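# Chains, contacts and geometry: an overview
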Number of protein chains: 4
Amino acid sequence: MSSTESAILLIYCPDSPGIVAKVTDFLYQYQGNILHLDQHVDTQKNVFFMRVEWDLEHFTLEKDAIEPAFSPLADVHQMTWKLHYNTDRLRMVIFVSKQSHALYDILSRWHSGEFKVDIPLIISNHETLRPVAEQFGLPFEVVSVTKDTKAESETKQLALLEEAIPDVIVLAKYMQILTDNFVNHYPGKIINIHHSFLPAFIGAKPYHQAFERGVKIIGATSHYVTADLDAGPIIVQNVTDVSHKDSVKDMIRKGKDLEKTVLSSAIYLHLQHRILAYHNKTVVFN
Amino acid sequence: MSSTESAILLIYCPDSPGIVAKVTDFLYQYQGNILHLDQHVDTQKNVFFMRVEWDLEHFTLEKDAIEPAFSPLADVHQMTWKLHYNTDRLRMVIFVSKQSHALYDILSRWHSGEFKVDIPLIISNHETLRPVAEQFGLPFEVVSVTKDTKAESETKQLALLEEAIPDVIVLAKYMQILTDNFVNHYPGKIINIHHSFLPAFIGAKPYHQAFERGVKIIGATSHYVTADLDAGPIIVQNVTDVSHKDSVKDMIRKGKDLEKTVLSSAIYLHLQHRILAYHNKTVVFN
Amino acid sequence: MSSTESAILLIYCPDSPGIVAKVTDFLYQYQGNILHLDQHVDTQKNVFFMRVEWDLEHFTLEKDAIEPAFSPLADVHQMTWKLHYNTDRLRMVIFVSKQSHALYDILSRWHSGEFKVDIPLIISNHETLRPVAEQFGLPFEVVSVTKDTKAESETKQLALLEEAIPDVIVLAKYMQILTDNFVNHYPGKIINIHHSFLPAFIGAKPYHQAFERGVKIIGATSHYVTADLDAGPIIVQNVTDVSHKDSVKDMIRKGKDLEKTVLSSAIYLHLQHRILAYHNKTVVFN
Amino acid sequence: MSSTESAILLIYCPDSPGIVAKVTDFLYQYQGNILHLDQHVDTQKNVFFMRVEWDLEHFTLEKDAIEPAFSPLADVHQMTWKLHYNTDRLRMVIFVSKQSHALYDILSRWHSGEFKVDIPLIISNHETLRPVAEQFGLPFEVVSVTKDTKAESETKQLALLEEAIPDVIVLAKYMQILTDNFVNHYPGKIINIHHSFLPAFIGAKPYHQAFERGVKIIGATSHYVTADLDAGPIIVQNVTDVSHKDSVKDMIRKGKDLEKTVLSSAIYLHLQHRILAYHNKTVVFN
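Starting afresh in each chain, residues are numbered from 1 along the sequence in its written order. Here the convention is simple: chains get letters from A, ligands get numbers from 1, in the order in which they are written. Where totals are concerned, whole chains, interfaces and linings use all residues; where local detail is concerned, this predicted model gives features only for residues with pLDDT of at least 70, and gives and counts side-chain atom pairs only at 80 or more. Processing note: side-chain calculations cover all non-hydrogen atoms of the structure and skip hydrogens and water entirely.

Glancing now at the overall build of chain A. Secondary structure elements are taken from DSSP: a helix is a run of H or I of four residues or more, a strand is a run of E of two residues or more, and numbering for both begins at the N terminus. Of the regular secondary structure elements, chain A holds 8 helices and 13 strands. Overall, chain A is about 60 × 40 × 35 Å in size when its C-alpha atoms are taken along their principal axes. Working definition: with a 1.4 Å probe on protein chains only, accessible area under 20% of the residue-type maximum means buried, over 50% means exposed, and in between means partly exposed. When burial is assessed residue by residue, chain A has 58% of its 286 residues classed as buried. Excluding contacts between residues fewer than 6 apart, the proportion of contacts in chain A whose partners are at least 24 apart in sequence is 66%. Any two residues having at least one pair of non-hydrogen atoms within 4.5 Å are treated as being in contact.

Listed below in C-alpha cells is the structure:
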C-alpha cells in the first residue's frame, strides 16, 4: 500500500472490447502509475466490473479535473462509476442494541487506526451501551423502538442521520428490522451482520435452529441491507466448527466471534472501496 | 491406536448418576484396559451417550462372553447398545451413478488400507463407471431406474443387497431419491453425500442456487439417510471459499473436492464406530 | 453447561487399568452426577489424563471434604491433580506494551461476562495503553524495561504480582522476553501469544520472514511460557490465507486478528480448566 | 470459462507507467475481448506481473502472428513473457514411489477430464504402483535408486524424460532428493508436495516432529523444485486441525488428505497458466 495519495475508480457497465485499454490509456495519458487493477466480467449478464487504483504523485491532472476529464469515456460505455481517494475520510454511523461484542471490535479497530473513519454518531434503541460510547468519547443517541412506534422512531433516526451525513451505516447487532422507506434513504450504504450462514437459518434464533438441526458448522454473513430482509448482497461470510458438545450457549459464544470478525471485514472492504454491488450480488476486489 | 485387538462399546440411554462408574467397573473387573473413553450428556433431552474402547489383550472375558455378561447392566439402564471389535471387517456396498470422483476417492482409500472393509458390490443406474469397478476388481451391477420403474428397480436392488449383506451402504453421488420402503430396510446404515451446506440449498442444482445467491462459501454435507429427504442426521460438513470469479462450473469443481472429502470422512467415522445417531442428530466421538 | 455449581477435577498419572472406574466410583458413592468426562492416554509415554466435571447439587460431600476424601486414591495412583469449582473467580493480570488489539479483545470479553475473572492489575512497559485501562476502570502500572534494567524491572513486576496474587498471567503482546527467574515464579500460569505459526518463523519479525518466504498461510500460536523461549506447550493455533497481494503491512493487520482470537481462546480454555500441560505439550479437553 | 478458444499471456518485467495500457491496446487493436486480466506490482522489488486471457473468436490476428506482433512491445519493457492457449494439451510426467494416495487423486482428476493433460509416462523407484498405472492404461517405468547409483539413475530418468518431452513434472510423493543437475534440466517445471507446513518441520519425518512438538495444526506445501531443497517457490498450502488425540499415524492419515489436495491444486493452477514464479516466490492469479 502506498503511503502517498492515490485515486480509486470503481466502474461497472455493459461489457465490450477495449474498456480496459481505454481506461488505462486515460490514466497513462496523464502519467498515472497503476498500483492495483482488478477487473471482472459476468459473462452470464454481460457486465464488466473494474477497480483501478493509481498513484497521484506524478499524475498530471488536478484532482478536481479528473471527473470532468473521465466523464466522456464513461458516457460512451454507459458506466456506473465513482471516484474515491485513499485520503478521503468517510463518516460512519453505527446502530447498536444491547450486545457489545461487535461494537467493541469496531471501535478498537477505529482506535488503533485500522479503520480510518469518522464516527459522528452511535444510535441505539437502548441505553445499555452508552458507557461504551463514552469510553471512546463518541456521541450516543437513544431512539426507543416499539412495534407501534416504528415509523415515528425511524423519522427520528433519519433526522439524526441527516445531521450526521453518513457515508456508511453499520448495523452492529442492531436486531431491528428497518422499513423499506428507511433503507431507500441509504441504498448500498447500510451494512448488516446476520448471525447465520445465509441462506441457512434465515430469521430469528438461528443458533437455536442450528442446534436443533445438529449442524457441524455455523457461520455468519455480512451483507448490504435491501428492502428484501436477509436477502441483500452478501459481502463476507465465515464459519466455525461446532459439535454435539456445543450447547446453544456455546454456539452463541462462538457465533459472536464470527459476527464481529465478519462485520469488521465487510467494513474494512467498504472503507477501501473494494466492493461493487449489483443484481443482489457483490464483486469484492480483495 | 493399538495394533492389538480391541473392543468398542457404543451406548445411549436415559441419563442417571453412576453409569460411567458401572460400565468402567464392569471392564475393570475383567482387567480391561481402557484405550479411549468418550461420553456426552444431552442435558435438554436427558440422554447419556458413551463410546469406550478397551484392549482385549489381558481382558479375562472371552469375546463370546462379553455380551451376556454386560446385558444385565444394560437392561437396568435401558441402554441401546452395540459391541464392535476393531478387527471386525465390515461389508460396504456402494451406489453410484455417472460421476467418478467420490468413488475413486473411496476405492483409493480402500486400496491403501485406510478403509479396512470388504466391498462385495457396487450398484449403479448406469454403465458409466463399470470400468472403474473393474480397475479395482470389484463386482458391478447395473439396475436402471426410471420414474415409472422405481419400485421395480428397488426390488432388484434390495435383492442384490440381500445377497451382499451390507453393514453400511454408501451413496457416492447416486443422485436418485430412495423410497421410504428402501430406507427402512437399512435404518442408520445408509450414508449419503449432499452437494450443499445443508440446510442451505436443499434440493436440486445447489451450485446454481449458490451462484445465483452470490454466497462467498460453499459446502457439502454427509448424513444418514432417513425417510425425510435431506433431513437425516448430519455426520460431517465442510466448506470452501468462493468468490465472484467462480462460475457455476468452478463451484461444481470445488464442490466435488468437498464432496469426496466429506463423504470419505463420514465413512471413516462410521467404520471406526464413532457415530451415535439419535433424534435426527449425531454424536460423533472423534 | 449447568447453571448450578459444579466441581472440576484435573488429573494426570502413570496409566494403569481401573483408574476411570475408581474415580467415577468415588463420585458415584457420593451421588455425584457427571456432566462431562474426558480422558486421554499418551500410549508412548504411558500417561493417563482426565478431566471430570460433576454437579454439586446432590453431591453428598461438602466442598471442604472433597480433597481429603479423594487424596488416598490420588496417592495410590501417584496422581498430579487439582480440584476447581466453576464458581471460582480467578485473578488474571495482563501484561501489555503499545499495541491495543489483544487487550481490547480481552477486556470486551471480560466486560460482556464471557471471561468471568477478576483483573486486579494491568502492567505495561509504556504509558500508551493507560487510557484503555482507564476506560474499563482497571489499575494500570508502568514498569519501564531496558536491556540494562531488566533484572530491576522484573523485581518491581514480581512485587506488584505478589500483591495482585494472579492465578493466571497473560502476555497480551508484551513483546519483552522474561527471564527464567521470572517464569519460574509462575510455572504453568503464564500465557503468551506468538505472532507466528510456531515452529515456523521463530523469533523477531515473523511477518517479514513470512513475506520474504512467500508463504500462502500465516498463523498465530498461544502457549504457556517456559524458560525455553517460543518452545512452551502450545495451547491454540490458528491460520489465515495470504497471497502475493498482501504486503507486510497487510500480513500484520491480518495477523493481529489471529493474535487476538488465538490468545482469547487460550484464556477461555485456561479459565475453564480445560488444559493439562506436560512434557512441553498440552492436552486440551474442549 | 469460455468454451471457445482463448489465449493467455503471462508477463513480468520492471514496473513503469503505461504497461497495462500498452498491452490492452495491443489486444484491442485486433478486436481482442479480454476474459480475465490480473496484474500485480511488487513495490519492494519494482516488478510488474500480468496475466491476461482473451477470446480468440473475433481476434483478427492469426495465432502464428501473435508472438511476432507482440515482441516489439515486450522488448521495450524487457518482459519475460509466455503465450499459451487454453486448447494446448500439456504433457505431464509423474514420479512416484510406494504411496498411492496422491497418484490416485491425480489420475482420477485426469480420468474425469478435470486435468486436460497427456500423461506419457509414470516413473517410479519401485514396482509397487505399477498396477495403478495399468488400471489407467498408462506407461510405467521403474528406475531403481540407491545412494550409490543416484547419478546413474538420474541419467536413465533424464533419458526417459527426453523421450517423454514433459511440460511439467510432478513429484507425487517421490520421496527422493533430486540433484541440482537434474533440477536444472527442467527449471520451473517440477512441482513437489512437501508433507509439512513449510518452513516448519523441514526435512524428514515431519509428522513425527509435529507430534513431538504438540502442534494443533498440521499442513502441506506444494512448491516448485529448485536446487535449494524445501526452499523453492511455494504454490499452495493448506492445513488441518490436530489434537492430543491424534497419534503420529492419525497425523499421517490426515496429512495424506492434505498432500493430495494441495498437490492437485498446484497442478491445476500450473495447467491453467496461473502461476508466475520469481525470486523464490510465486504470484498465483486465481
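Right, let's get into helix 8 (residues 248-271) of chain D. Under the 1.5 Å per step criterion, the end-to-end length of helix 8 of chain D is 34 Å for 24 residues, consistent within 8% with the ideal 34 Å. Within two residues after helix 8 of chain D, H273 of chain D carries a phi angle of roughly 55 degrees, on the positive side. Expected span of a helix: the number of residues minus one, times 1.5 Å.

This paragraph deals with helix 3 (residues 101-111) of chain A. Residue and element names in this part refer to chain A. Across the 11 residues of helix 3, 9 count as buried, placing the element largely inside the fold. Among the residues of helix 3, those classed as buried are H101, A102, L103, Y104, D105, I106, L107, S108 and R109. The positive-phi residue at the C-terminal boundary of helix 3 is G113, with phi of around 90 degrees.

Let us now look at the environment of F26 of chain B. Residue and element names in this part refer to chain B. Among the secondary structure elements, F26 is positioned in helix 1 (residues 19-29). What makes F26 buried here is its relative accessible area of 7%. Note: C-alpha distance between F26 and L178 (152 residues apart in sequence) is 42 Å. Residues in contact with F26, not counting those within four places in the same chain, are L61, I66, A69, F70 and L73.

In the predicted model, chain A carries a mean pLDDT of 94, and the fraction of residues at 70 or more is 99%. Interface confidence for the predicted complex, given as ipTM, is 0.93, next to a pTM of 0.96. A residue's pLDDT is the predictor's confidence in that residue, given on a scale from 0 to 100.

Helices that pack against each other are described as a pair by the angle of their axes relative to one another and the distance between those axes. All names here are of chain D. Whenever a helix is involved, its axis is fitted only over the stretch in contact; in every case the axis is a line through C-alpha atoms, and angles between N-to-C directions fall within 0 to 180 degrees. Running from amino to carboxyl end, helix 7 (residues 206-213) crosses helix 8 at an angle of 125 degrees, the nearest separation of the two axes being 9 Å. By the angle class used here, helix 7 and helix 8 are oblique. Crossing of helix 7 over helix 8 shows right-handed handedness. Between helix 7, through Y207, H208, A210 and F211, and helix 8, the contact on the second element is made entirely by V248, M251, I252, G255, K256 and E259. Classifying every residue of the contact of helix 7 with helix 8 gives 6 nonpolar, 2 polar and 2 charged. Just so you know how the angles are binned, under 35 degrees is roughly parallel, over 145 roughly antiparallel, 65 to 115 roughly perpendicular, and the rest oblique. We call a crossing left-handed when the near helix sits turned anticlockwise from the far one by less than a right angle, and right-handed when that turn is clockwise. As a working rule, the residues Ala, Val, Leu, Ile, Met, Phe, Trp, Tyr, Cys and Pro are called nonpolar, Asp, Glu, Lys and Arg charged, and the rest polar, with Gly in that last group.

Bringing the relation of the copies chain B and chain A into the picture now. Mapping chain B onto chain A calls for a screw motion: a turn of 180 degrees about the axis and a shift of 0.0 Å along it, with 0.0 Å RMSD after fitting. Seen this way, the second copy is the image of the first under a two-fold rotation axis. Every residue of chain B has its C-alpha some distance from the rotation axis, and the shortest such distance is that of A200 of chain B, at 2.2 Å. Comparing interface residues between copies, 100% of those in chain B also sit at the interface in chain A, which points to an isologous, same-surface contact. Copy-to-copy superposition: least squares on the C-alpha atoms, limited to residues that have pLDDT of at least 70 in both copies.

Turning to the relation of the copies chain D and chain C, a few remarks are in order. Each copy superposes on the other: chain D lies on chain C with an RMSD of 0.0 Å after a rotation of 180 degrees and an axial shift of 0.0 Å. When the interface residues of chain D are mapped onto chain C, 100% of them again fall at the interface, so both copies present the same face.

This brings us to unusual backbone geometry. Of note, the phi angle at I165 of chain B is positive, near 50 degrees, even though the residue is not glycine. When you line up the elements, I165 of chain B lands in the loop between helix 5 (150-164) and strand 8 (168-171). Exposure remark for I165 of chain B: the relative accessible area of 54% places this residue in the exposed category. In the Ramachandran plot, Q31 of chain D falls in the positive-phi region, its phi being about 65 degrees despite a non-glycine side chain. Mapped onto the elements, Q31 of chain D comes out in the loop between helix 1 (19-29) and strand 2 (33-42).

In many reports, interface size means the accessible area that the parts give up when they come together. The interface of chain B with chain A comprises 32 residues on the first partner and 32 residues on the second. A combined buried area of about 2,700 Å² lies between chain B and chain A, and 58% of that area is made up of carbon and sulfur atoms. By buried area we mean how much accessible surface two parts lose on assembly, using a 1.4 Å probe and totalling the loss over both. Ranking the residues of chain B by area buried against chain A places R213, K216 and H244 of chain B at the top, with a combined share of 26%. By definition here, a salt bridge exists when the distance from a side-chain nitrogen of Lys or Arg to a carboxyl oxygen of Asp or Glu is within 4 Å. Taken together, chain B and chain A are joined by 0 salt bridges. Any pair of N or O atoms that falls within 3.5 Å is considered a polar contact. Within protein, one atom must be able to donate a hydrogen and the other to accept it, and sequence-neighbouring residues count only if both atoms are side-chain atoms. Between chain B and chain A we count 16 residue pairs in polar contact (both at pLDDT 80 or more) in total. Considering only residue class, the side of chain B that touches chain A consists of 16 nonpolar, 9 polar and 7 charged.

Let us now look at the environment of I123 of chain D. Note on placement: I123 of chain D falls in strand 6 (residues 117-124). Relative accessible area serves as the criterion here: at 0%, I123 of chain D is assigned to the buried category.

Another point: the domain arrangement of chain A. Residue and element names in this part refer to chain A. Note that the domain bounds reflect an automated or database-derived domain assignment. For chain A, the assigned domains are domain 1 (6-85) and domain 2 (90-284). In this structure, domain 1 and domain 2 have C-alpha centres spaced 31 Å apart. Facing the 13 residues of domain 1 at the interface are 9 residues of domain 2. A buried area of about 970 Å², summed over both sides, lies between domain 1 and domain 2, and 67% of it is on carbon and sulfur atoms. Applying the counting rule to domain 1 against domain 2 returns 0 salt bridges. There are 4 residue pairs in polar contact (both at pLDDT 80 or more) connecting domain 1 and domain 2.

Quick look at the interface of chain D and chain C now. Tallying the contact residues gives 32 residues for chain D and 32 residues for chain C. Note on chain D versus chain C: buried area summed over both sides is about 2,700 Å², and carbon and sulfur give 58% of it. It is R213, K216 and H244 of chain D that lose the most area in chain D upon contact with chain C, and together they represent 26% of the buried surface on that side. The tally of links from chain D across to chain C stands at 0 salt bridges. Summed over the shared surface of chain D and chain C, the number is 15 residue pairs in polar contact (both at pLDDT 80 or more).

Side-chain rings of Phe, Tyr and Trp (the six-membered ring for Trp) are treated as a pair once their centres are within 6.5 Å; stacked means planes under 30 degrees apart, edge-to-face means over 60, and tilted covers the remaining angles. Taken as a whole and judged by the stated rule, the model has 50 aromatic pairs over all chains. Measuring from centroid to centroid gives 5.4 Å for F26 of chain A and Y30 of chain A, while their planes differ by 70 degrees, and the two rings are edge-to-face. For Y30 of chain A, a relative accessible area of 19% puts it in the buried group. One Lys or Arg, K63 of chain A, reaches over the ring of Y85 of chain A and ends 4.3 Å from the middle of that ring. Placement of a charge over a ring requires the Lys NZ or Arg CZ to be within 6 Å of the ring centre, with the centre-to-atom vector within 35 degrees of the ring normal. Sitting above the plane of the F211 of chain A ring, K281 of chain B keeps its charged end 3.6 Å from the centroid.

What follows concerns the sheet that holds strand 6 (residues 117-124) of chain B. In a beta sheet, neighbouring strands are held together by backbone hydrogen bonds and run either parallel or antiparallel to one another. Residues and elements named next belong to chain B. The strand order across the open sheet formed by 7 strands is 7-6-5-8-9-10-11, and the pairing between neighbours is mixed. Either end of the sheet is taken by a strand with one partner, and the two such strands are strand 7 (140-142) and strand 11 (234-241). Direction aside, the axes of adjacent strands within the sheet are offset by 20 degrees on average. The pairing criterion is simple: DSSP has to find at least two bridges between the two strands. With 7 bridges connecting them, strand 10 (residues 217-224) and strand 11 associate as antiparallel partners. Looking across to strand 11, one finds that S222 is bridged to V236.

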